[in-house]
Amino acid sequence: MAVRDWLLPAPSGVEVVRDARERRLIGLEIAVVLTVTLGLSALRSALSLLDALLAPTPLAAQQVTLNAPASTDALLDLAFQLVRVLQLVGWGALAVYLLLRAGIALRRVGLDRTRPGPDALGALGLAALIGIPGLGLYLLGRVIGIAPDVAPSTLTDVWWRIPVLVASALANAWAEEIVMIGYLLTRLRQLGVSENRAAGATALLRGAYHLYQGVGAFVGNVVMGLVFGRVWQRGNRLWPLVGAHALIDVVAFVGYAFLPGITQVR
């Protein structure tokens, strides 16, 4: 019964919007949000993968950097990195604002502070569940030659490197989970989209904006999206997802920065 409930969840109980004009406005709002945020990232990511496949260098011999220097000047580089973090925070804040404007309280999507202990434990469990297999998929992709070398950071060894990497991890987690789970799944519920179709669509989009990291990253993030989507649909708690995503990225970004011989000293 538990497996059946996981695969075929009951309807959410969220009231479906019936007014035709309001439905069109919700659809338009979703399109605008995705164009401004992660939908455009998915298109850019697909083009990046196509460009990599057309390059004379084999994909396995190429490198993709997640946190790269943006300037040769240390302070200007710091400013660029912080602007990127602010952009991600703004994406999540936009989604929260639109939910609030629609009359949807933050507790309905699990962004309240009523369960800090269970939320933290949930974040730890999800981070282990997703992070370890995700690393395995990446390594498999490298072995069979369908994934580039992904460098989580090539920031040079300056005083602000670790704080910026942590901030980047937190901002990534905030933007992705707020937009893809809290906002998008809520709006799809209001449009009457089934739980399975909504989870599948958001998972595919999550995979799409990671295509620049190779096929392994696409598959891994689709799986992550399916798990995260279903966990939220069943429990309506968003903080565990944000926390798990942040933990995975902090370990990847900061851990890579401390590996010997991979960063330059300015």
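All of the points below concern the structure found in this document.

Rules used in this analysis
Residues numbered from 1 in each chain as written. Predicted model: local features only at pLDDT ≥ 70, side-chain atom pairs only at ≥ 80, totals over all residues. Heavy atoms only, no water. Salt bridge = Lys/Arg side-chain N within 4 Å of Asp/Glu carboxyl O. Helix = DSSP H or I, 4+ residues; strand = E, 2+ residues; numbered from the N terminus. Buried < 20%, exposed > 50% of the residue type's maximum accessible area, 1.4 Å probe, protein only. Patch = residues over 30% accessible without salt bridge, like charges linked within 9 Å, V, L, I, M, F, W, Y side chains within 5 Å. Areas by Shrake-Rupley, 256 points an atom, 1.4 Å probe, with all protein chains shown as cover. Polar contact = N/O pair within 3.5 Å; in protein donor to acceptor, adjacent residues only side chain to side chain. Contact = heavy atoms within 4.5 Å. Axes fitted to C-alpha atoms, helices over the stretch in contact; angles between N-to-C directions. Parallel < 35°, antiparallel > 145°, perpendicular 65-115°, else oblique. Left-handed = near helix turned anticlockwise from the far one by under 90°. Nonpolar A, V, L, I, M, F, W, Y, C, P; charged D, E, K, R; others polar.

## A short note on the pattern of salt bridges
Link 1 in the chain: Taken as a whole and assessed by the stated rule, the structure comprises seven salt bridges.
Link 2 in the chain: Across the pair Arg 206 and Glu 177 runs a salt bridge, and its minimum N-O distance is 2.8 Å. Placement of Arg 206 in helix α7 (residues 195-208) and of Glu 177 in helix α6 (residues 161-190) is noted, with a sequence separation of 29 residues between them. There is no split in this pair, since Arg 206 and Glu 177 are both buried.
Link 3 in the chain: Connected via shared salt-bridge partners are Asp 112, Asp 119 and Arg 237.

## So, a nonpolar patch on the surface
Link 1 in the chain: Side chains of Leu 140, Val 143, Ile 144, Ile 146, Val 215, Val 219 and Val 223 sit close together on the surface and give an oily, nonpolar patch of about 580 Å² of accessible area.
Link 2 in the chain: The element contributing the most residues to the nonpolar patch is helix α8 (residues 215-235), with three residues.
Link 3 in the chain: By relative accessible area, which is 32% here, Ile 146 ends up partly exposed.

## What to know about the side chain of Glu 176
Link 1 in the chain: Secondary-structure assignment places Glu 176 in helix α6.
Link 2 in the chain: Taking the relative accessible area as the measure of exposure, Glu 176 reaches 8% and is therefore buried.
Link 3 in the chain: A distance of 2.8 Å separates a polar atom in the side chain of Glu 176 from a polar atom in the side chain of Tyr 209.
Link 4 in the chain: Once residues within four sequence positions are removed from consideration, Glu 176 is found in contact with Leu 38, Ile 181, Arg 206, Tyr 209, His 210 and His 245.

## Comments concerning the environment of Trp 159
Link 1 in the chain: Topologically, Trp 159 is positioned in the loop between β2 (149-151) and α6.
Link 2 in the chain: Residue class for Trp 159 comes out exposed when judged on its relative accessible area of 67%.

## Some words on the packing of helix α5 (residues 116-143) against helix α9 (residues 239-258)
Link 1 in the chain: The interhelical angle for the contact between α5 and α9, taken along N-to-C directions, is 50°, at an axis separation of 7 Å. The orientation of α5 relative to α9 falls into the category oblique. For α5 against α9, the interelement crossing comes out right-handed. Residues Asp 119, Gly 122, Ala 123, Leu 124, Leu 126, Ala 127, Ile 130 and Gly 131 of α5 touch α9, and the partners they reach there are Trp 239, Pro 240, Leu 241, Gly 243, Ala 244, Leu 247 and Ile 248.
Link 2 in the chain: When grouped by side-chain class, the residues that make up the contact of α5 with α9 number 11 nonpolar, three polar and one charged.

## Some words on the packing of α7 against α8
Link 1 in the chain: In the contact formed by α7 and α8, the axes pass within 7 Å of each other and the chain directions differ by 145°. Of the two elements, α7 crosses α8, and the hand of that crossing is right-handed. For the pair α7 and α8, contact is made by Glu 195, Asn 196, Ala 198, Ala 199, Gly 200, Ala 203, Leu 204, Arg 206, Gly 207 and Ala 208 and by Phe 218, Asn 221, Val 222, Met 224, Gly 225, Leu 226, Phe 228, Arg 230 and Gln 233, respectively.
Link 2 in the chain: For the contact of α7 with α8, the class distribution of residues is 10 nonpolar, six polar and three charged.

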